[in-house]
Amino acid sequence: MNLIFLGPPGAGKGTHAVRLAQQLNIPQISTGDMLRGHVKAQTRLGLEAKKYMDAGELVPDDVIIGMVKERLQEPDCAGGYIFDGFPRTVAQAEALSEFAKIDAVLNLIVSDQVIIDRLSGRRVCPDCNGTFHIKHLENASVCPNCGGKLVIRKDDEPETVLNRLNVYRRQTEPLIDYYRQKGLLRDANGEGSVDANYAEVLEALGIR
Ligand code: AMP
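Description of the structure in this document. (Residues numbered from 1 in each chain as written. Predicted model: local features only at pLDDT ≥ 70, side-chain atom pairs only at ≥ 80, totals over all residues. Heavy atoms only, no water.)

### Details of the packing of aromatic side chains
Under the counting rule described, the total for this entry stands at three aromatic pairs. Its guanidinium or amino end placed over the ring of Y178, K182 lies 4.7 Å from that ring's centre, counting from NZ or CZ. (Phe/Tyr/Trp six-rings, centres within 6.5 Å; stacked < 30°, edge-to-face > 60°. Lys NZ or Arg CZ within 6 Å of the ring centre and 35° of its normal.)

Structure below.
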């Protein structure tokens, strides 16, 4: 199954995509994680992408499309994959349609207020890529998975969050209609508990 998880920042795309990828034994492909890997390794791509990411803007389409196209050549993608955070523009979706066949697009629906609350409490582990919310952590600075030091993503700072939401509305939300018209869109509620949402995700995708 080749899937896309769509939704605003903080909708839970990553959380559910990781879980479903484990369940289906296919890779979760997060362009955000790939870009952060490039930034950490200080590659040319990472140095170029960093200025957009820190400002909450989108990295140029050609950079993202090239990176994804290469990733899909890896053998682990042969049995399916879940895109998390890609495509984010209609141009990316159109480029994707030339080199991949998508079976379904999951649209996670969450209000702005919930997004702001989630992102402002989000902590991430740069060592294992884990993502947590401070209300579920005993110690807000230690990763419960690997003991690494938790940090606030630079693009989760309050001003950047508002910009990312605007960018989402302007550049990514048109994909909802784009994929609805293709008959691929499946809506799911992204508010409420993680387990309840995940059950909705499975139902929306017809997975038991
Ligand atoms: P994410 O972890 O998915 O929230 O992505 C973090 C940041 O990486 C975004 O705010 C963008 O700057 C950049 N990014 C990730 N995926 C894409 C994409 N498909 N197109 C453009 N920029 C992206």
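After that view, the rundown keeps rolling.
### So, the site of the ligand
Residues in close proximity to the ligand total 16 residues, the closest being T31, R36, E57, R88 and Q92. Within the side chain of T31, one N or O atom sits 2.8 Å away from a nitrogen atom of the ligand. In this structure, Q92 approaches the ligand through a side-chain N or O atom, which is 2.9 Å from a nitrogen atom. Out of a free accessible area of 480 Å², the ligand has 96% covered by protein chains. The leading source of residues in the shell around the ligand is helix α2 (residues 31–41), at four residues. Across the shell around the ligand, the residue classes tally to six nonpolar, four polar and six charged. (Near = heavy atom within 4 Å. Polar contact = N/O pair within 3.5 Å; in protein donor to acceptor, adjacent residues only side chain to side chain. Areas by Shrake-Rupley, 256 points an atom, 1.4 Å probe, with all protein chains shown as cover. Helix = DSSP H or I, 4+ residues; strand = E, 2+ residues; numbered from the N terminus. Nonpolar A, V, L, I, M, F, W, Y, C, P; charged D, E, K, R; others polar.)

### Section: the pairing of strand β4 (residues 104–109)
Across the six residues of β4, five count as buried, placing the element largely inside the fold. In terms of strand pairing, strand β1 (residues 2–6) meets β4 through four bridges, oriented parallel. Following the sheet pairing, L3 is matched in β4 by A104. (Buried < 20%, exposed > 50% of the residue type's maximum accessible area, 1.4 Å probe, protein only. Pairing = 2+ DSSP bridges.)

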